[in-house]
Amino acid sequence: MRTLKRIIFLVLASAILFAGWFTYQINKPVQLPVVPYEFSIEPGSSLRSVAKQLADAGVLHDVWSFVLLSRVMGLASSLKAGDYEIAASTSPLQLLERITKGDINQSEIRFIEGWTFSQLRQILDAHPAIRHDTTHLADKEILRLIGAGETPAEGLFFPDTYFFARGSSDITILRRAYHAMQNHLNTAWAERAADLPLTDPYQALILASIVEKETGRESDRTMVAGVFINRLRLGMLLQTDPTVIYGLGKNFDGNLRKKDLLTDQEYNTYTRGGLPPTPIAMPGLASIQAALNPAKTNALYFVAKGNGESHFSNNLADHNRAVSRYQRRQPP
């Protein structure tokens, strides 16, 4: 009996000592080669391989205690891939919680209002944290992969800042931007003003893209939209330079000439009535809302003042005087 009691005592004492030592080990700060320390967990990695990766870097004291901790807590199969950053005060327990909760560092990309789809693709292709699955794909194929029914791709993606885990596919980001645009557009369409000369949300998107390119100041958006809505109602030509420039494409050298305005092409709103066939850029939410809730105005013309604002006129005579004043720099 004495021998048995001694064995039991030794086992219990060892268990208590081990529990104390283990508790200390999982709660003391890890050793970092640099602060903060960044590391990545690749998809499909096992917790043991990650523990070895961290132990080899000197972050963890050993592999087995970290693996044991994960099993004790039932987290051995909960590893989340991604990029992580840890501070000097991080304990193995906190580290385990982070990599099993997926508390990752996120990368970001920003799509700017007024960009064309070509510009958007250039930014996507140049981003170092994105997996480039669309680099050699045609726009039509990209639209198929993200589940979009429209063609072409121009204007279909909502300009915003998108956060993602390093290594995410550009297809995933584009799909998010497409659905964001659909959600914003459909919401705005449901809340549109009555009796607009627009037949569907896509026409609203086209008009919003023109408003986006024509507006230099936030406060002018609804007035600019109001002018175009009035012109559409009256059957007047929109006569907006940004659509002509878009139609010129790579032939536009930065200088819009009179012959460009007179040469007919499908985006020339000086020679063709109504809206152009597609959006000409990505409109932001403010431009979408302005296109669907324009200012109630009699204005049919506007001209840039040169300071970001526009001057609005109800008739051609007043507009011509405004052009002389603001663009030709003649006194009123």
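Scroll up for the structure.
Residues numbered from 1 in each chain as written. Predicted model: local features only at pLDDT ≥ 70, side-chain atom pairs only at ≥ 80, totals over all residues. Heavy atoms only, no water.

Trainee: So what's going on with the overall build of the protein chain? Residues and values would help.
Mentor: The helix and strand inventory of the protein chain stands at 13 helices and six strands. Projected onto its principal axes, the C-alpha positions of the protein chain cover 115 × 40 × 40 Å. Partitioning the intrachain contacts of the protein chain with sequence separation of at least 6 by distance along the chain shows that 63% fall at a separation of at least 24. Summed over its atoms, the accessible surface of the protein chain is roughly 18,000 Å², and 52% of this surface lies on carbon and sulfur atoms. Charged side chains of the protein chain number 35 positive and 32 negative; the gap between the two group centres comes to 5 Å. (Helix = DSSP H or I, 4+ residues; strand = E, 2+ residues; numbered from the N terminus. Contact = heavy atoms within 4.5 Å. Areas by Shrake-Rupley, 256 points an atom, 1.4 Å probe, with all protein chains shown as cover. Lys, Arg positive; Asp, Glu negative; His and termini not counted. Charge placed at Lys NZ, Arg CZ, Asp CG, Glu CD.)

Trainee: Provide a residue-level description of helix H9 (residues 221-234), including the pertinent values.
Mentor: Helix length check: H9 (14 residues) gives 20 Å between terminal C-alpha atoms against 20 Å at 1.5 Å per residue, within 8%. Counting buried positions along H9 gives 10 out of 14 residues, so the element sits mostly inside the fold. Every buried residue of H9 is accounted for by Arg-221, Val-224, Ala-225, Gly-226, Val-227, Phe-228, Ile-229, Asn-230, Arg-231 and Leu-232. For H9, the secondary structure elements touched by its buried residues are helix H8 (201-214), helix H12 (285-292), strand E5 (301-304) and strand E6 (310-313). Looking one or two places after H9, you find Gly-235, whose phi comes out positive at around 75°. (Expected span 1.5 Å × (residues − 1). Buried < 20%, exposed > 50% of the residue type's maximum accessible area, 1.4 Å probe, protein only.)

Trainee: Would you mind going over the packing of aromatic side chains in detail, with residue names and values included?
Mentor: Counting across every chain of the model gives eight aromatic pairs. Summarising the aromatic geometry, the rings of Phe-39 and Tyr-84 are spaced 5.6 Å apart at their centres and angled 20° between planes, so their arrangement reads as stacked. Here Tyr-84 lies in strand E2 (residues 82-86) and Phe-39 lies in strand E1 (residues 37-41), a separation of 45 residues in the sequence. Assessed through its relative accessible area of 5%, Phe-39 is described here as buried. Grouped by ring-pair contacts, the aromatic residues Tyr-37, Phe-39 and Tyr-84 constitute a single cluster. Across the ring face of Tyr-301, the terminal group of Arg-231 is positioned such that the distance to the ring centre comes to 4.9 Å. (Phe/Tyr/Trp six-rings, centres within 6.5 Å; stacked < 30°, edge-to-face > 60°. Lys NZ or Arg CZ within 6 Å of the ring centre and 35° of its normal.)

Trainee: Could you give me a rundown of helix H6 (residues 139-146), with the residues and numbers involved?
Mentor: Each α-helix turn comprises 3.6 residues. Residues three or four places apart therefore point the same way. For H6, the full list of buried residues reads Ile-142, Leu-143 and Ile-146. Considered in projection along H6, the buried side chains sweep an arc of 100° and stay on one side of the axis. Of the exposed residues in H6, those oriented more than 90 degrees away from the buried face are Lys-140 and Arg-144. Its buried side turned inward, H6 meets helix H5 (117-126) and helix H7 (170-190). Just downstream of H6, Gly-147 is the residue with a positive phi angle, here 85°. (Arc of directions from axis to C-beta.)

Trainee: Describe unusual backbone geometry, and please don't skip the residues or the numbers.
Mentor: Residue Pro-36 is bonded to the preceding Val-35 through a cis peptide linkage, with omega at -5°. Positionally, Pro-36 belongs in the loop between helix H1 (2-27) and E1. A cis geometry characterises the amide bond from Thr-151 onward to Pro-152, with omega recorded as -5°. Positive phi, close to 60°, is recorded for Asp-195, a residue that is not glycine. Tracing the backbone through its elements, the reader meets Asp-195 in the loop between H7 and H8. If you check the backbone angles, Gln-239 has positive phi at about 50° while not being a glycine. Overall, the relative accessible area of 35% leaves Gln-239 in the partly exposed class.

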